[in-house]
Amino acid sequence: MAAPFHDAPAAAHTLSLALQGGGSHGALTWGVLDALLEDGRIALDGISGTSAGAMNAVAVAHGFAQAAAQNADPVQARQAGAELARQTLTRLWEGVGALGGPGWGGQAVLPALAWMTPWLSPAQANPFDINPLRRLLEREIDFERLAAAPAGVPRVFVCATNVRTGRGEIFSGARLSADAVMASACLPMVFQAVEIDGQSYWDGGYSGNPALYPLIYEADCHDILLVQINPIAHDEVPDTVPEIMDRMNEINFNACLLAELRAIEFVRRLLHEGKLDPAHYKDIRMHRIDGGAALAEFGAASKGRADLSFVRLLFQRGRDAGAAWLAAHRQDLGVRATLHLTQNT
């Protein structure tokens, strides 16, 4: 792991982040974030995350909220916040690795539950709704501090799916909690629905993986970096039942994202043609780090694997991807989009 920086230069660009979920593959996003935070020349505005992306989002914001409470000077707070965010991400993901699986206390437990789910509901297979990931999250993240965080701390938007309405719901500000993050990561065949204010929620991936619209309407900057860990395209057609199910899930979990990306492209085109008023419509510049190539060799089934060696391997691949993106595209921030939606979606 790279050594922390101490004399980071002033931020040259502001960026919002959109972080996909994907089980333990979220450790690749941890590596991407570590590279961005270490660089020190990017200030973060909003962060939208789903499932593992929500975990990464609150970990980053927690570090900046800690620094804001300790430093009155905004530049010092930003520099200290980046390092504290890196430390929080490390503790969180190494904690996941110590559990041995996302949300379960050992590698033997998750396969056993997966074997039972075709016949037993989560309420039957896990009647006490045991989930060690919640304890880890509550230990590492101060949600009260996040709710009261001052300006300068990245604002977090966590997406979960309302079971009754089927609609995505965004948790932010005072509503941001461990419950919200657990709801965002609640796979309905493994965990019982998470209840918040009398409503039941499942994984946010069904309605926004991640949701982009909060970054359009609630964040100020026009540049959004999508860290994508669920591949859009596959070269081969799956022909076994597990492969077919995995591909179906990838398609389902990307559907809402693709719809939002196409809407952004449509608005951008109308703005550039002078058909929309730029005072009322935001010209979003999309960027993407596509983790598909780095994750392809492991397969979708490895999303349930979270031993520490695997987590650290994904972290390093994420760091490499983040560093490569910075080298190639930092100069494009504030200038042009680098994700050409019509060609990539």
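Look up: the structure comes first, before these words.
**Student:** I'm lost on the environment of alanine 337 in this one. Help?
**Tutor:** Summarising the element assignment, alanine 337 is placed in the loop between α12 (308–329) and α13 (341–344). Between the alpha carbons of alanine 337 and histidine 287 there is a distance of 6.0 Å; along the sequence they are 50 residues apart. For alanine 337, the residues in contact, after removing those within four places along its chain, are Arg268, Arg285, Met286 and His287.

**Student:** Is there a simple way to think about the environment of glycine 291 in this case?
**Tutor:** Along the chain, glycine 291 falls in the loop between β10 (285–290) and α11 (292–295). Take glycine 291: its relative accessible area is 2%, and that puts it in the buried class. Remark: the alpha-carbon pair of glycine 291 and glycine 318, spanning 27 residues in sequence, is separated by 7.6 Å. Not counting residues up to four positions away in its chain, the partners in contact with glycine 291 are Leu28 and Gln228.

**Student:** Help me out: how do you make sense of the packing of aromatic side chains in this one?
**Tutor:** For any pair of aromatic rings, the description consists of the separation of the ring centres together with the inter-plane angle of the planes. Overall, the coordinates contain four aromatic pairs when judged by the stated rule. When the ring of tryptophan 30 is compared with that of phenylalanine 315, the centres are 4.2 Å apart and the planes differ by 40°; the resulting orientation is tilted. Taken together, the positions of tryptophan 30 in helix α1 (residues 26–39) and phenylalanine 315 in helix α12 put the pair 285 residues apart, joining distant regions of the chain. Both residues of the pair, tryptophan 30 and phenylalanine 315, count as buried. Summarising the aromatic geometry, the rings of phenylalanine 171 and tyrosine 201 are spaced 5.3 Å apart at their centres and angled 80° between planes, so their arrangement reads as edge-to-face. You can see phenylalanine 171 sitting in strand β6 (residues 168–171) and its partner tyrosine 201 sitting in strand β8 (residues 199–202), a full 30 residues away along the chain. We note that phenylalanine 171, like tyrosine 201, is buried.

**Student:** Help me understand the packing of helix α3 (residues 74–99) against helix α6 (residues 132–140), please; the structure alone is not making it clear to me.
**Tutor:** When two helices pack together, their arrangement is given by the angle between the helix axes and by the axis-to-axis distance. Where α3 contacts α6, the two axes come as close as 10 Å, and the packing angle between them is 160°. When the axes of α3 and α6 are compared, the pair comes out roughly antiparallel. Where α3 crosses over α6, the handedness of that crossing is right-handed. Of the residues in α6, those touching α3 at Thr88, Arg91, Leu92, Gly95, Val96 and Leu99 are Pro132, Leu133, Leu136, Leu137 and Glu140.

**Student:** Sorry if this is basic, but what is going on with a negative patch on the surface here?
**Tutor:** Taken together, the side chains of Asp235, Glu236, Asp239 and Glu243 define an acidic patch exposed on the protein surface. With respect to the element layout, aspartate 239 can be found in the loop between β9 (223–228) and α10 (241–272). Aspartate 239 sits in the exposed class, given a relative accessible area of 65%.

**Student:** Help me understand the packing of α1 against α3, please; the structure alone is not making it clear to me.
**Tutor:** Direction vectors running N to C along α1 and α3 enclose 160°, while the axes themselves pass 9 Å from each other. In this view, α1 runs roughly antiparallel relative to α3, as classed from their interaxial angle. Of the two possible hands of crossing, α1 and α3 adopt the one that is left-handed. Between α1 and α3, the residues in contact are Gly26, Ala27, Trp30, Leu33, Asp34, Leu37 and Glu38 and Ala82, Ala85, Arg86, Leu89, Thr90, Trp93 and Glu94, respectively. Here the contact of α1 with α3 is composed, by residue class, of eight nonpolar, two polar and four charged.

**Student:** Honestly, the nonpolar core in this entry has me stumped. Any pointers?
**Tutor:** Most often, soluble globular proteins have nonpolar side chains that are buried together. Counting 67 residues, the largest nonpolar core has Leu17, Val58, Val60, Leu137 and Phe143 as the members making the most contacts within it. Sort the elements by how many residues they give to this core and helix α2 (residues 52–70) lands first, with ten residues. For valine 58, the residues in contact, after removing those within four places along its chain, are Leu137, Ile141, Phe143, Leu146, Val156, Leu176 and Val181. Judged by nonpolar contacts, the second largest core, of 17 residues, contains Cys159, Ile170, Leu261 and Leu339.

**Student:** Sorry if this is basic, but what is going on with a nonpolar patch on the surface here?
**Tutor:** On the surface, Val163, Leu187, Trp202 and Tyr206 cluster together to form a nonpolar patch covering roughly 310 Å² of accessible area. Within the secondary structure, valine 163 sits in the loop between β5 (155–162) and β6.

**Student:** Just to check I follow, could you spell out α1 for this structure?
**Tutor:** Given 3.6 residues per helical turn, the α-helix brings residues three or four places apart onto the same face. With 14 residues, α1 extends 20 Å between its outermost C-alpha atoms, agreeing within 8% with the 20 Å of an ideal straight helix rising 1.5 Å per residue. Of all 14 residues in α1, 13 are buried; the element is thus mostly enclosed. Backbone geometry just after α1 places glycine 40 at a positive phi near 80°.

**Student:** Looking at this structure, I do not really get the pattern of salt bridges. What am I missing?
**Tutor:** If charged atoms from side chains of opposite charge come close, those side chains can pair. Under the definition given, this model contains 22 salt bridges. For aspartate 34, the salt bridge identified is with arginine 319, shortest N-O distance 2.5 Å. Here aspartate 34, found in helix α1, pairs with arginine 319, found in helix α12; they are 285 residues apart in sequence, far enough to count as distant. A salt bridge links glutamate 94 to arginine 312; its shortest N-O distance comes to 3.2 Å.

**Student:** Any chance you could explain α10 here in plain terms?
**Tutor:** Its 32 residues give α10 an end-to-end C-alpha distance of 46 Å, which sits within 8% of 46 Å, the value for a rise of 1.5 Å per residue. Alanine 255 marks where α10 bends most, by close to 40°. Backbone geometry just after α10 places glycine 274 at a positive phi near 75°.

Criteria and cut-off values
Residues numbered from 1 in each chain as written. Predicted model: local features only at pLDDT ≥ 70, side-chain atom pairs only at ≥ 80, totals over all residues. Heavy atoms only, no water. Helix = DSSP H or I, 4+ residues; strand = E, 2+ residues; numbered from the N terminus. Contact = heavy atoms within 4.5 Å. Buried < 20%, exposed > 50% of the residue type's maximum accessible area, 1.4 Å probe, protein only. Phe/Tyr/Trp six-rings, centres within 6.5 Å; stacked < 30°, edge-to-face > 60°. Axes fitted to C-alpha atoms, helices over the stretch in contact; angles between N-to-C directions. Parallel < 35°, antiparallel > 145°, perpendicular 65-115°, else oblique. Left-handed = near helix turned anticlockwise from the far one by under 90°. Patch = residues over 30% accessible without salt bridge, like charges linked within 9 Å, V, L, I, M, F, W, Y side chains within 5 Å. Areas by Shrake-Rupley, 256 points an atom, 1.4 Å probe, with all protein chains shown as cover. Salt bridge = Lys/Arg side-chain N within 4 Å of Asp/Glu carboxyl O. Lys, Arg positive; Asp, Glu negative; His and termini not counted. Charge placed at Lys NZ, Arg CZ, Asp CG, Glu CD. Nonpolar A, V, L, I, M, F, W, Y, C, P; charged D, E, K, R; others polar. Core = buried A, V, L, I, M, F, W, Y, C linked by side-chain atoms within 4.5 Å. Expected span 1.5 Å × (residues − 1). Bend = angle between axes of the 7 residues up to and from the residue.

By themselves, these figures tell us nothing about what the structure is for.
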